[in-house]
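A look at the structure
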Amino acid sequence: ATKNHVGEMILVSGTSGTGKSTLIHKGLGDPAANRGYIFASGKFEDKFHRPLSAFSDAMTCLAKCITVEHNKKGGLSSGGSSIA
């Protein structure tokens, strides 16, 4: 049987320090991980004036998760690069 996988994106905005990250990680991240899904998130830092920083952070997180899973399945040789 073939499974169809569909990606989803949720964007959250609000005042800094109100607990958005904690809410998202506990409400979505933990349940997603328990079901075998990859949960990637990014945080926008206004002080650095990088408009796409949250998206860039999320894609970096996703790439690290995929690489770790690939390594667990023996996809890369032990002499390859590691993720810090």
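For clarity, every value in this text was computed on a predicted model and none was experimentally measured. (Residues numbered from 1 in each chain as written. Predicted model: local features only at pLDDT ≥ 70, side-chain atom pairs only at ≥ 80, totals over all residues. Heavy atoms only, no water.)

**Some details on the state of the cysteines**
- Under the criterion given, the structure shown has zero disulfides.
- No disulfide involves C61; its sulfur sits 4.3 Å from the nearest other cysteine sulfur, which is in C65. (Disulfide = S-S within 2.5 Å.)

**Re the pattern of salt bridges**
- Under the criterion given, the structure shown has two salt bridges.
- Of the charged contacts in the structure, one is a salt bridge between K26 and D30, with a shortest N-O distance of 3.8 Å. With K26 and D30 both in helix α1 (residues 20-34) and four residues apart, this pair spans about one turn of that helix.
- Here K72 makes a salt bridge to E69, at a shortest N to O gap of 3.5 Å. Note that K72 and E69 are positioned in helix α2 (residues 53-72) at a spacing of three residues, about one turn of the helix. (Salt bridge = Lys/Arg side-chain N within 4 Å of Asp/Glu carboxyl O. Helix = DSSP H or I, 4+ residues; strand = E, 2+ residues; numbered from the N terminus.)

**Observations regarding the layout of surface pockets**
- One number sums up the size of the largest pocket: a volume of about 1,500 Å³.
- Taken together, 38 residues make up the lining of the largest pocket; nearest its centre are I10, I24, F39, A40 and S41.
- Per-element tally for the lining of the largest pocket: the top contributor is α1, with seven residues.
- Class assignment of the residues belonging to the lining of the largest pocket gives a composition of 19 nonpolar, 14 polar and five charged. (1 Å grid on protein atoms, 1.4 Å probe; cavity = no way out; pocket = protein on both sides within 12 Å on 5 of 7 lines; lining within 4 Å. Points joined across faces, edges and corners; volume = space filled by probe spheres on them. Nonpolar A, V, L, I, M, F, W, Y, C, P; charged D, E, K, R; others polar.)

**Side note on the environment of A63**
- Following the sequence through the fold, A63 ends up in helix α2.
- Taking C-alpha positions, A63 is 9.0 Å from A40, a pair spaced 23 residues apart along the chain.

**Quick notes on α2**
- For α2, which comprises 20 residues, the first-to-last C-alpha distance of 29 Å matches the rise-based estimate of 28 Å (1.5 Å per residue) to within 8%.
- One or two steps after α2, the chain reaches G74, where phi turns positive at roughly 80 degrees. (Expected span 1.5 Å × (residues − 1).)

**Focus on a nonpolar patch on the surface**
- Taken together, the side chains of M9, L11, L52, F55 and M59 make up a nonpolar region of the molecular surface, amounting to roughly 600 Å² of accessible area.
- With respect to the secondary-structure elements, L11 resides in the segment before α1.
- In this structure L11 comes out as exposed when scored by relative accessible area, which is 73%. (Patch = residues over 30% accessible without salt bridge, like charges linked within 9 Å, V, L, I, M, F, W, Y side chains within 5 Å. Areas by Shrake-Rupley, 256 points an atom, 1.4 Å probe, with all protein chains shown as cover. Buried < 20%, exposed > 50% of the residue type's maximum accessible area, 1.4 Å probe, protein only.)

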